[in-house]
Amino acid sequence: MIAWEQIEDVFLDMDGTLLDLHFDSYFWLEHLPTRYGEIKGVEPQAVRTELIRRYHRMRGTLDWYCLEYWQRELAIDLLPLKLELRDKIRLRPGAQQLLARLAASDKRVCLVSNAHRWSIELKFSQLNLAPFFDHVCSAHDYRTPKEQQDFWHALHRQLDFDPARTLFIDDNTAVLDSARAFGIQHLLSIAKPDSAAPAQPHQGYRLLPDFSELIAACG
């Protein structure tokens, strides 16, 4: 599947790739509307409908991924609400084994995420992920999301990677399209980012049902 001798850098997305997206889906679509309704005295279904409308409007922008933006918009502290669900933060099947194999290899391993630093820190502390990575890169550091070419140029300036010798795994097709436009040669997607949702359709990238083939290849 991947000629590992050609790979120098492995870039891994976080939510929906290494981590089960169910935590985020449940938080934004179920937990937040319920808790917001309780705190503000608003009917949760009305909150959910309004939030979904706002999510669709902001999708693909950096603000869509920004906890500070949503805290300002909703006038509510989101971190305590996320902490209420911290037990739902889980790695996808095989992710721990893949990270261990990569950490023992000669590859540079980087988290490349659109997530806000607060979210990264919460999930890293819950799962003790920091030791597996040489670099942890958030799109918020560059003020542009992975969907935009400016992100990849900024990341390249920081990490000086060779796009032809880089493997990037992400569950977001728009992000993969942007990475491909920048020149990254080795691209993989995730068949089932959210364990509680249906598998996503094939959209031009090989879909990994799990990491078993990669674990065997890089071992």
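Please refer to the structure higher up on the page.
Residues numbered from 1 in each chain as written. Predicted model: local features only at pLDDT ≥ 70, side-chain atom pairs only at ≥ 80, totals over all residues. Heavy atoms only, no water.

### Brief notes about the overall build of the protein chain
What counts, and what does not: Strands here mean DSSP runs of E at least two residues long; helices mean DSSP runs of H or I at least four residues long; both are numbered from the N terminus. In this description the radius of gyration comes from C-alpha coordinates, and the expected globular size is given by 2.2 Å times residues to the power 0.38. Residue exposure (1.4 Å probe, protein chains only): buried if accessible area is under 20% of the type maximum, exposed if over 50%, otherwise partly exposed. By definition, residues are in contact when any of their heavy atoms lie within 4.5 Å.
A tally of helices and strands in the protein chain yields 9 helices and 6 strands. Relative to the compact-globule value of 17 Å for 219 residues, the protein chain shows a C-alpha radius of gyration of 18 Å, a close match. For the protein chain, with 219 residues in total, the buried portion stands at 51%. Counting only contacts in the protein chain whose residues sit at least 6 apart along the sequence, the fraction spanning at least 24 positions is 67%.

### Some points on the side chain of K82
This is how it is decided: The charged-residue count follows a simple rule in which Lys and Arg add positive charge and Asp and Glu add negative charge, with His and chain termini not counted at all. Basic side-chain nitrogens of Lys or Arg form a salt bridge, by our definition, when they fall within 4 Å of a carboxyl oxygen of Asp or Glu.
Checked against the element boundaries, K82 lands in helix α4 (residues 78–83). Of the buried charged residues, K82 lacks a salt bridge, with D24 as the closest side chain of opposite charge at 4.0 Å. The contacts of K82, once residues within four sequence positions are left out, are F23, D24, F27, W28, L67, S119 and L122.

### Some thoughts on the pattern of salt bridges
Counted under the stated rule, the structure contains 16 salt bridges. Across the pair R35 and E38 runs a salt bridge, and its minimum N-O distance is 2.9 Å. With R35 and E38 both in helix α1 (residues 22–40) and 3 residues apart, this pair spans about one turn of that helix. The closest approach of N and O atoms between K107 and D106, which form a salt bridge, is 3.5 Å.

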